[in-house]
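# Structural overview
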Amino acid sequence: YEAWKKGAQETFLFSIFMMTKDQWDVIYYHTQKKTTTSFTVTDAEVTMTGTDVPLLQQEPHEPEPLELTTVNISSDDAARVASQKITERSVSEQNRFLVLQTRDGKPCWTVVILATDLHIYRYTIDAQTGELKEETVQDLSKSFSVERKT
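Since the model is a prediction, treat every value here as computed from it, not as a measurement.

### Focus on the sheet that holds strand β8 (residues 132-139)
Read across the sheet, eight strands follow the order β4-β3-β2-β1-β5-β6-β7-β8 without closing on themselves; strand pairing throughout is antiparallel. Bordering the open sheet on either side are β4 (46-54) and β8, each of which pairs with just one other strand. The mean angle between the axes of side-by-side strands here comes to 15 degrees, regardless of whether they run parallel or antiparallel. Relative to β8, strand β7 (residues 119-126) is paired through seven bridges, and the arrangement is antiparallel. The residue bridging I125 from the neighbouring strand is L132, located in β8. The sheet strands contacting helix α2 (residues 75-88) are β2 (23-30), β5 (93-103), β6 (106-115), β7 and β8, and the helix crosses β6 at an angle near 45 degrees.

What counts, and at which threshold
- Position numbers for residues count from 1 along each chain, tracking the sequence in the order it is written.
- Totals for whole chains, interfaces and linings use all residues, but because this is a predicted model, local features are given only for residues with pLDDT of at least 70 and pairs of side-chain atoms are given and counted only at 80 or more.
- Calculated side-chain values reflect all of the structure's heavy atoms, with hydrogen atoms and water omitted.
- One bridge is not enough; two strands pair if DSSP finds at least two bridges between them.
- Only runs of H or I of at least four residues qualify as helices and only runs of E of at least two qualify as strands under DSSP, and these elements are numbered from the N terminus.
- A fitted line through C-alpha atoms represents every axis, and for helices the fit uses only the stretch in contact; the resulting angles, taken between N-to-C directions, go from 0 to 180 degrees.
- Residue contacts are defined here by distance: any two heavy atoms, one from each residue, within 4.5 Å place the two residues in contact.

See below:
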């Protein structure tokens, strides 16, 4: 990682992704190539998992650098905010992942929860203040089409 970082002056930390508690994916954005390089980080090691991968983005603007020094809210705190909202809905959490990125100049945690009611709940939490900024729900049952064969 250190050797790669020394030669990667045209990159910046873009996002951090966590699906399991003991593994983080750290993603850097290359400003000239418009690609990403990712590393998987565990307590034991840092492994490069992808290099020069084209960025798939849904929004038309360029990625923003993520400054970790501006993050005051931990991943655990962000997950607690989202879990509290799930509890208020009286549903159970099946799986979750967290993403830390800069959006509109501010670091934000996005917590995505797949619940047992076949809905995906997405919570955007300000990583400086802990304020819930956005909440969206997607009904997965409407995404599936069943084809009957006779």
